[in-house]
Amino acid sequence: MLAPEVPVWALTHVTHAALQRTADRVGADVLHIKGPSTLQSLRRGRHDSTDADLLVRPAHLAAFIAGMQEDGWELFTDFDEGSPFGHAANFIHPSWTYADIHRAVPGPLAAPDAVFERLWGSRMTLPIGNRHCTVLSLPAQVLMQALHSARSHGLEPADAWALCPDDHRDAVRALAAELQAETAFAAGIGELDAHSDAPDHALWAYWSAPEGDRLDEWQARLRSASTFGAKLSVLRQAMRVNRTHLRLRLEREPSRGDVAREQVTRTAHAVRSVVSHLFRRFGRSS
Amino acid sequence: MSRQPYRISPELAWVDAEDGGRHDHVVWIARLDTAELFELAGSAWLVWSLLTDGFTDASAIEHEIDELEMTVDFGEGGLDAFLVALEAQGLIERES
């Protein structure tokens, strides 16, 4: 009767349920996003998720993560290392599949706590693994999937928007405006050209276009950073060695020597990227 | 003689293959309190499906299987032994 091998898509369902149990136990507000928390009518094809994604109310994040750790979860990739947006941390568990815990949504310019409050206010419940889980409203599900598409370098189409009933589309656009996520949303649904004057246009032009090199990414992030402090932070991140990525590549904990060698490699790569860009620019202008 | 009624244990999550668009007769069950995972297939899947549909004791389950005109082999101990095994794993509990 014991099942040593559960298909990962099925494990994703029960992982959502396990995380909801943790949230209920510690009194944390969480919203299940993506995968089985997306209405069937907004998805093409069957469930094939490999991890469970949750957005956590920022004020409840510490308590929720403490609760997860009490329930056997271990941090795998921290917020600052998981993605360039620093929005999610990755956790592992001996029984469940990966959990992606989001403290923010990439896209909205509104503050993360205001975004969560707005999404929480229109939440609904959906059975996942036969447990009641708190999920996004239909317009918020469409918006969330479009925002995900916007940062996929064109690899993941905005299916939810394509499948969204016409009478809900105005609500999706209104929600994007309310969360100040119009530029990212437009990038997700192929309307980015209408936002060429937006301060975050360069960022979303980079993330929604086919993948370029790292310098393209850092240039876009630098141009979209609104303050001097933010620009400085981008520059620091650009040159910092990501220990988690290094650990995954080496399949062991990196030593100080590994980190130093990686730093040299990273710097050399940055120089090569700059030179390559200069040649491209020279080639265009000549 | 009336037989012991059961209910699904409260700390469970489960997902049927059909929930994921598959056509196998399999259900995966998780005990959320212990993080244990179980798989029930074939006739065990059928019994679980009936339990979750509200058929709470062995007589009701057997009657429904007859209604479905199915023949199910529950092994040496029969359906009662299988329900006891589910109870021992903490997947169902006796109605008080």
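Cut-offs applied
- Residues numbered from 1 in each chain as written.
- Chains lettered and ligands numbered in written order.
- Predicted model: local features only at pLDDT ≥ 70, side-chain atom pairs only at ≥ 80, totals over all residues.
- Heavy atoms only, no water.
- Phe/Tyr/Trp six-rings, centres within 6.5 Å; stacked < 30°, edge-to-face > 60°.
- Helix = DSSP H or I, 4+ residues; strand = E, 2+ residues; numbered from the N terminus.
- Buried < 20%, exposed > 50% of the residue type's maximum accessible area, 1.4 Å probe, protein only.
- pLDDT = per-residue confidence, 0-100.
- Pairing = 2+ DSSP bridges.
- Axes fitted to C-alpha atoms, helices over the stretch in contact; angles between N-to-C directions.
- Contact = heavy atoms within 4.5 Å.
- Domains from an automatic or database assignment.
- Buried area = accessible area lost by both parts, 1.4 Å probe.
- Salt bridge = Lys/Arg side-chain N within 4 Å of Asp/Glu carboxyl O.
- Polar contact = N/O pair within 3.5 Å; in protein donor to acceptor, adjacent residues only side chain to side chain.
- Expected span 1.5 Å × (residues − 1).
- Arc of directions from axis to C-beta.

1. Some thoughts on the packing of aromatic side chains
Residues and elements named next belong to chain A. Overall, the coordinates contain eight aromatic pairs over all chains when judged by the stated rule. Relative to Tyr98, the ring of Phe76 has its centre 6.0 Å away and its plane inclined at 55 degrees; by these criteria the two rings are tilted. One end of the pair, Phe76, is in strand 3 (residues 74-77); the other, Tyr98, is in strand 5 (residues 98-102), with 22 residues separating them in the sequence. In this structure Phe76 comes out as partly exposed when scored by relative accessible area, which is 23%. Ring centres of Trp161 and Phe185 lie 5.3 Å apart, and the angle between their planes is 85 degrees; this geometry places the pair in the edge-to-face category. Separated by 24 residues along the polypeptide, Trp161 in helix 6 (residues 159-163) and Phe185 in helix 8 (residues 182-189) bring together distant segments of the chain. A relative accessible area of 9% places Trp161 in the buried class. According to the relative accessible area criterion, Phe185 is buried, its value standing at 3%. The rings of Phe85, Trp204, Tyr206 and Trp207 are connected pair by pair, giving a single aromatic cluster.

2. Quick word on the confidence of the model for chain B
Mean pLDDT for chain B: 91, with 98% of residues reaching 70 or above. For this predicted complex, the interface score ipTM comes out at 0.92, alongside a pTM of 0.81.

3. Considering the sheet that holds strand 3 (residues 26-31) of chain B
Taken in spatial order, the three strands of this open sheet run 2-3-4 (chain B), and their pairing is antiparallel. The sheet is open, and its two borders are formed by strand 2 (12-16) and strand 4 (36-41) of chain B, each paired with just one other strand. In this sheet, adjacent strand axes meet at a mean angle of 20 degrees when their direction is disregarded. In terms of strand pairing, strand 3 of chain B meets strand 4 of chain B through six bridges, oriented antiparallel. Looking at strand 4 of chain B, one finds that Val27 of chain B is bridged to Leu40 of chain B. Its contacts with the sheet place helix 1 (residues 8-26) of chain A against strand 2, strand 3 and strand 4 of chain B, and it is angled at close to 155 degrees to strand 2 of chain B.

4. Concerning the domain arrangement of chain A
All names here are of chain A. With domains assigned, chain A is organised as domain 1 (1-75 + 89-136) and domain 2 (137-211). With 23 residues of domain 1 at the interface, the matching set in domain 2 holds 22 residues. Between domain 1 and domain 2 lies a buried interface of about 2000 Å² when both sides are counted; carbon and sulfur atoms form 66% of it. The largest contributions to the domain 1 side of the interface with domain 2 come from Leu42, Arg44 and Leu136, which together make up 31% of the buried area. Our count for the contact surface shared by domain 1 and domain 2 stands at two salt bridges. The residue Glu178 makes a salt bridge to Arg118 at a minimum N-O spacing of 2.7 Å. The interface formed by domain 1 and domain 2 holds 10 residue pairs in polar contact (both at pLDDT 80 or more) in total.

5. Side note on helix 7 (residues 166-178) of chain A
Residue and element names in this part refer to chain A. For helix 7, which comprises 13 residues, the first-to-last C-alpha distance of 19 Å matches the rise-based estimate of 18 Å (1.5 Å per residue) to within 8%. Of all the positions in helix 7, only Val172, Leu175 and Ala176 are classed as buried. Buried positions in helix 7, seen along its axis, are confined to an arc of 100 degrees and lie on one side of it. Projecting away from the buried face of helix 7 at angles above 90 degrees are the exposed residues Asp167 and Asp170. Packing partners of the buried residues in helix 7 comprise helix 4 (112-121), helix 5 (138-150), helix 6 and helix 8.

6. Observations concerning the pairing of strand 6 (residues 124-128) of chain A
Residue and element names in this part refer to chain A. As paired elements, strand 6 and strand 7 (residues 131-135) share five bridges and run antiparallel to each other. Looking across to strand 7, one finds that Leu126 is bridged to Cys133. Hairpin remark: strand 6 followed by strand 7, antiparallel, with two residues in the connecting loop; positive phi at Gly129, about 60 degrees.

7. Focus on the pattern of salt bridges
All names here are of chain A. On inspection of all chains with the given rule, the structure shows 17 salt bridges over all chains. Here Asp159 ties to Arg44 by a salt bridge, and the two come within 3.2 Å at their closest N and O atoms. Placement of Asp159 in helix 6 and of Arg44 in the loop between strand 1 (30-33) and strand 2 (51-56) is noted, with a sequence separation of 115 residues between them. Close ionic contact of Glu117 with Arg57 constitutes a salt bridge, the shortest N to O distance being 2.6 Å. Of this pair, Glu117 sits in helix 4 while Arg57 sits in the loop between strand 2 and helix 2 (61-70), and the two are 60 residues apart along the sequence. With a relative accessible area of 41%, Glu117 lands in the partly exposed category. One salt-bridge network, held together by shared partners, links Arg25, Glu70 and Asp71.

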